[in-house]
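Descriptive structure summary
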Amino acid sequence: MQTITKEHLFGNLNFHALSHNSDFKEDSVREVIILPILKELGYKQPNIIRSKTLQHPYLKIGSKKRPINLIPDYSLKVEENFAWVLDAKAPSEKISSGDNVEQVYSYATHPEIRSVYFALCNGNQFALYRTQSSSNPVLIFGIDEIEHYWKQLSQLLSPDSFQIGKNFTYDTTIATAKPIGFDYKTRPLLEEIDVKKQAAKRHFGVHGYFTKQTWNVVAEYIKNYSKPGDLVFDPFGGSGITAIEAMMNDRKAIHVDLNPMSVFMVQALVAPIKTTELIESFERIKNIYNKNEPKTDEDIEKALEKYPYPKGFILPKGSDVATIEDLFTKKQLAQLSYLKSIIKKEKDNNIRISLLLAFSSSVNKFNRTFHYTKSDGGGDSSAFRYYRYRIAPDPGILNLMDIYETKFKKVLNAKKEIEPKINKYTVTNITIKKGTATKLKWIPKESVDYIYTDPPYGKKIPYLDLSVMWNAWLDFDVTEEDYEQEAIEGGEHKKSKNQYNSLISDSINEMYRVLKFDRWMSFVFAHKDPEFWHLIIETAEACGFEYVGAVPQKNGQTSFKKRQNPFTVLSGQLIINFRKVRNPRAIMKAHLGMDITEVVMQTIEGIIAKNEGATLEQINDELIIKGLELGFLDLLKKEYSDLTPILLDKFDYNEETEIFTIKKDSKFSTHIDVKLRIRYYLLSFLRRWDRENKNPTFDEIVLNILPLLKNGSTPGHQTILKVLNDIGEHIGNDRWRLRKLGQITLFD
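Residues numbered from 1 in each chain as written. Predicted model: local features only at pLDDT ≥ 70, side-chain atom pairs only at ≥ 80, totals over all residues. Heavy atoms only, no water.

1. A word on the overall build of the chain
Along its length, the chain carries 27 helices and 23 strands. If one aligns the C-alpha atoms of the chain with their principal axes, the spans along those axes are about 100 × 75 × 55 Å. Considering the chain as a whole, with its 748 residues, one finds that 54% of them fall into the buried category. In the chain, once contacts between residues fewer than 6 apart in sequence are set aside, the share between residues at least 24 apart is 71%. In the chain, the 103 positive side-chain charges and the 97 negative ones have mean positions that sit 3 Å from each other. (Helix = DSSP H or I, 4+ residues; strand = E, 2+ residues; numbered from the N terminus. Buried < 20%, exposed > 50% of the residue type's maximum accessible area, 1.4 Å probe, protein only. Contact = heavy atoms within 4.5 Å. Lys, Arg positive; Asp, Glu negative; His and termini not counted. Charge placed at Lys NZ, Arg CZ, Asp CG, Glu CD.)

So this is what it looks like as structure tokens:
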């Protein structure tokens with residue numbers, strides 16, 4: 001690599017004389033300073049747009065509104081997207097703050113540009129700003145010392161420093177090459193994973209919580225992005241699925257959550273016990289309780305006087321009643337307080353908190369907000385169903401000890417299931433801490449190997465407000481500071497959207513600090529507001545994360561609402577994947593006037609090529625991702641409210657499988673990755689010959705599929721052979737057939 005010097009760029013230019021040279025003005029800065037920099041960065045003439053006229057909505061002069069034009073000196077394009085803008089100023093002008101910076105910021109944020117960066121150069125200095133946070137420059141240096149800053153400048157602004165979101169490629173998503181060793185840098189994005197919610201006793205039925213990630217999805221992500229022995233971290237730990245699954249797969253774990261209920265649930269679940277002793281304790285408690293259960297009015301009054309229960313805790317506004325004790329009948333309060341008093345007499349701490357875990361889980365079902373379904377004996381608490389304390393019209397008459405015994409068995413089975421991996425010998429490998437994701441100084445810098453987290457989402461769930469009932473029964477204090485640090489919008493403390501965004505941003509900054517380089521962060525996105533998507537992406541990029549791609553992950557049946565509104569409702573959630581790298585590439589947004597049709601068709605053909613055909617829902621999900629990445633989801637809603645007509649016109653459709661495919665013997669109309677196109681046509685061709693009990697030669701394969709690969713770059717025979725070796729096998733003399741089912745690992 002050639003060493004860049006100021007002499008190489010500018011010849012023998014005397015920088016000290018620039019400020020005193022009245023003839024060296026803006027035009028000189030453009031021609032003498034800026035153009036050599038742009039050329040050396042790798043920009044060709046078609047990508048350097050000079051003096052692009054941008055229409056300003058209007059300028060109000062007196063009572064009249066008159067349109068005005070904005071004209072940046074340079075708008076730099078990468079793959080038809082505007083990556084950054086650059087404006088020249090005279091050597092005497094200021095470029096580190098003030099009106100000049102605001103002026104160029106207005107160019108960068110204009111709908112016709114929407115660039116990632118903007119820069120100013122006055123001949124003496126070069127200042128680069130990120131559009132998202134324009135108050136401080138990302139990089140500022142003296143032009144006469146450019147050689148010392150060139151590497152950093154090139155890493156930020158060269159054409160290779162930008163991306164247009166997740167692309168459908170053969171090399172990054174197919175890992176038939178079961179790699180020797182484990183390379184963190186090249187881990188593939190996972191495909192959608194089948195949900196197995198009830199298959200793990202360690203999670204299902206142990207204790208209710210407001211949101212729970214599917215355990216096997218989390219486990220697959222942990223196994224894909226980390227190795228045994230690595231440290232896995234969840235700063236919004238919730239019900240503890242990330243930490244538990246990390247331990248179950250021989251990783252170390254850190255679980256952090258602001259909610260004491262969350263911390264208790266995980267601590268109690270992993271607390272090592274001897275099952276025989278736990279069963280003995282339960283039987284003893286059961287016998288004592290059944291013998292003295294408060295049933296009569298007199299017994300109930302005596303119990304309420306003798307045994308402590310939560311009193312005076314004010315419930316959130318919107319609750320049907322004012323205080324916690326109003327959520328229970330007198331009988332329920334008496335029986336719960338008595339049962340708790342017996343449990344608390346257990347001397348062994350691990351036994352005691354295990355029994356309290358079953359007790360806390362019982363509280364969920366033994367209160368006036370429990371919406372009982374008589375048909376199956378099930379139901380749930382209104383805090384989980386409606387996200388508020390709503391008194392049930394008919395809560396049902398349930399027996400506390402029956403509930404507690406059922407919950408105890410769930411806890412016991414969970415502990416039996418985890419014991420081979422989480423026991424007295426390994427429990428030191430998990431750290432469970434009450435705290436905020438915004439302040440993680442106790443975790444050393446660059447010590448974490450993988451982060452999987454499901455953050456709180458805006459106004460959806462005020463966790464601390466809705467946990468009052470459980471935290472009170474468990475004697476946990478929730479402080480005013482806890483409420484201040486909770487990342488929510490609204491709630492009892494009426495937090496603004498800006499406060500919420502700030503807390504999430506601070507959390508992402510801390511995640512970046514503790515994560516090692518070349519390691520991954522997976523961020524669950526289940527929000528309806530695209531603004532929050534951009535907050536996550538832009539904050540992560542500003543920290544230094546590189547966006548790699550988002551993957552749709554279903555969590556149940558597709559709703560009617562989703563089918564009717566394909567670009568407004570997620571059919572499940574998205575898992576956004578980032579990598580912490582030393583030279584991250586920035587994602588670019590689509591600009592006003594960009595050909596959205598081309599992006600839509602490329603996305604449709606890409607998902608069809610990747611999956612060998614795609615359903616309408618798969619296509620919708622990929623278009624949502626692309627719309628979010630490039631910032632044109634609003635245009636998709638307007639122009640493509642129903643994709644069916646264009647799909648039926650441009651693609652073949654199988655009514656039985658509901659899958660769209662490329663029309664028979666047709667080419668891809670957009671520039672899909674060449675190896676991905678090869679794979680698609682090879683699979684189609686080999687399957688057709690297999691149905692006819694024929695096995696083609698390599699020459700016959702090339703002869704048949706090469707004409708279909710003519711758009712874009714035409715591959716060589718060796719490229720076709722490489723893909724063929726991945727999906728096919730030799731038989732006889734230079735004849736090929738598709739590998740049998742189970743031998744081909746699709747994008748694995």
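2. With respect to the environment of Gly123
Counting through the fold element by element, Gly123 comes out in the loop between β6 (117-121) and β7 (125-130). As for Gly123 and Leu157, which are separated by 34 residues in sequence, their C-alpha atoms are 18 Å apart.

3. Some details on the pattern of salt bridges
Under the definition given, this model contains 35 salt bridges. The closest approach of N and O atoms between Lys610 and Glu191, which form a salt bridge, is 3.3 Å. In this pair, Lys610 sits in helix α21 (residues 596-611) while Glu191 sits in the loop between α5 (170-173) and α6 (215-225), placing the two residues 419 residues apart along the sequence. Here Arg513 makes a salt bridge to Glu510, at a shortest N to O gap of 3.0 Å. (Salt bridge = Lys/Arg side-chain N within 4 Å of Asp/Glu carboxyl O.)

4. Brief notes about the pairing of strand β11 (residues 252-257)
The element β11 is extensively covered by neighbouring structure, given that five of its six residues are classed as buried. When strand β10 (residues 231-234) meets β11, the two strands line up parallel, connected through four bridges. Considered in β11, the bridge of Phe233 is made with Ile254. Read from β10 through helix α7 (residues 241-248) to β11, the crossover connection turns out right-handed. Two elements, β11 and strand β14 (residues 430-434), share five bridges in a ladder whose sense is parallel. Paired with Ala253 across the strands is Ile430, a residue of β14. (Pairing = 2+ DSSP bridges. Right-handed = clockwise from strand over helix to strand, strands pointing away.)

5. Details of the sheet that holds strand β1 (residues 48-50)
Taking strand neighbours across the sheet as the criterion, the six strands line up as β1-β4-β5-β6-β7-β8 in an open arrangement whose pairing is mixed. The open sheet has two edge strands, β1 and β8 (139-142), and neither has a second partner. If you compare each strand with its neighbour and ignore which way they point, the axes differ by 20° on average. In this fold helix α3 (residues 99-108) packs onto β5 (81-88), β6 and β7, with an angle of close to 140° to the strand it touches most, β6. (Axes fitted to C-alpha atoms, helices over the stretch in contact; angles between N-to-C directions.)

6. Some thoughts on the packing of helix α18 (residues 497-514) against helix α19 (residues 530-543)
Packing of α18 against α19 brings their axes to within 9 Å, and their N-to-C directions diverge by 35°. Along this stretch, α18 crosses α19, giving a crossing that reads as right-handed. Mapping the contact onto sequence places Lys497, Tyr500, Asn501, Ile504, Ser505, Ile508, Asn509 and Tyr512 in α18 and Glu531, Phe532, Leu535, Ile536, Thr539, Ala540 and Cys543 in α19. For the contact of α18 with α19, the per-class residue count stands at nine nonpolar, four polar and two charged. (Left-handed = near helix turned anticlockwise from the far one by under 90°. Nonpolar A, V, L, I, M, F, W, Y, C, P; charged D, E, K, R; others polar.)

7. A few points about the packing of aromatic side chains
Tallying each qualifying case throughout the model produces 37 aromatic pairs. In textbook terms, an aromatic cluster arises when at least three aromatic residues are bridged by ring pairs, as seen for Tyr500, Tyr512, Phe525, Phe532, Trp533, Phe545, Tyr547 and Phe578. It is Lys77 that lies over the ring of Phe82; its NZ or CZ is 5.0 Å from the centre. Geometry around Phe517 places Lys580 over its ring, the cationic atom sitting 4.6 Å from the centre. (Phe/Tyr/Trp six-rings, centres within 6.5 Å; stacked < 30°, edge-to-face > 60°. Lys NZ or Arg CZ within 6 Å of the ring centre and 35° of its normal.)

8. What to know about the side chain of Thr438
Structurally, Thr438 is set in the loop between β14 and β15 (448-453). Of note is the side chain of Thr438, whose polar atom sits 2.8 Å from the side chain of Thr436. Discounting residues that sit within four places of it in the chain, Thr438 has contacts with Leu503, Asp506, Ser507 and Glu510. (Polar contact = N/O pair within 3.5 Å; in protein donor to acceptor, adjacent residues only side chain to side chain.)

9. Some words on α6
Among the eleven residues in α6, nine count as buried, and that is most of the element. Against the buried residues of α6 lie β10, α7, β15, β16 (515-525), β17 (545-554) and β18 (572-580).

10. A closer look at unusual backbone geometry
Even without a glycine there, the phi angle at Tyr387 is positive, about 55°. Along the chain, Tyr387 falls in the loop between α13 (382-385) and α14 (400-418). Positive phi values are uncommon outside glycine, yet Asp665 reaches one of about 60°. Within the element layout of this structure, Asp665 appears in the loop between β21 (659-662) and α25 (674-691). Judged by its relative accessible area of 56%, Asp665 is exposed.

11. Side note on the environment of Asp230
Looking at the element boundaries, Asp230 is found in the loop between α6 and β10. Residues Asp230 and Asp449, spaced 219 residues apart in sequence, show a C-alpha to C-alpha distance of 5.8 Å. Apart from residues lying up to four places away in sequence, Asp230 is in contact with Tyr184, Arg251, Lys252 and Asp449. One polar contact links Asp230 to Tyr184, side chain to side chain, over a distance of 2.6 Å.

12. A closer look at the environment of Ile113
Note that Ile113 resides in the loop between α3 and β6. The exposure class of Ile113 is buried, given its relative accessible area of 0%. Measuring from C-alpha to C-alpha, the distance between Ile113 and Leu592 comes to 7.2 Å, with 479 residues separating the pair along the chain. Apart from the residues lying within four places of it in its own chain, the contact partners of Ile113 are Lys52, Leu54, Ser75, Phe82, Val85, Tyr107, Ala108 and His591.

13. Things to note about the sheet that holds β15
One open sheet accounts for seven strands, arranged β14-β11-β10-β15-β16-β18-β17; its pairing is mixed. Edge positions in the open sheet fall to β14 and β17, since each of these has one partner strand only. Put simply, the sheet's adjacent strands are angled 15° from each other on average, direction ignored.

14. Here's the deal with the confidence of the model for the chain
Summing up the model confidence of the chain, the mean pLDDT is 88 and the portion of residues at 70 or higher is 92%. Scored below 50 in pLDDT, residues 58-62 makes nine contacts in the model with residues more than four places away or belonging to other chains. Contacts of residues 742-748 to residues separated by more than four positions or lying in other chains number 24 contacts, the stretch itself having pLDDT below 50. (pLDDT = per-residue confidence, 0-100.)

15. Details of α3
Those residues of α3 that fall on the buried side of the exposure criterion are Asn100, Val101, Val104, Tyr107 and Ala108. Summarising the axial view, the buried residues of α3 lie within an arc of 115°, below the 170-degree limit, and thus occupy one face. Exposed residues on α3 whose side chains face more than 90 degrees from its buried face are Asp99 and Glu102. (Arc of directions from axis to C-beta.)

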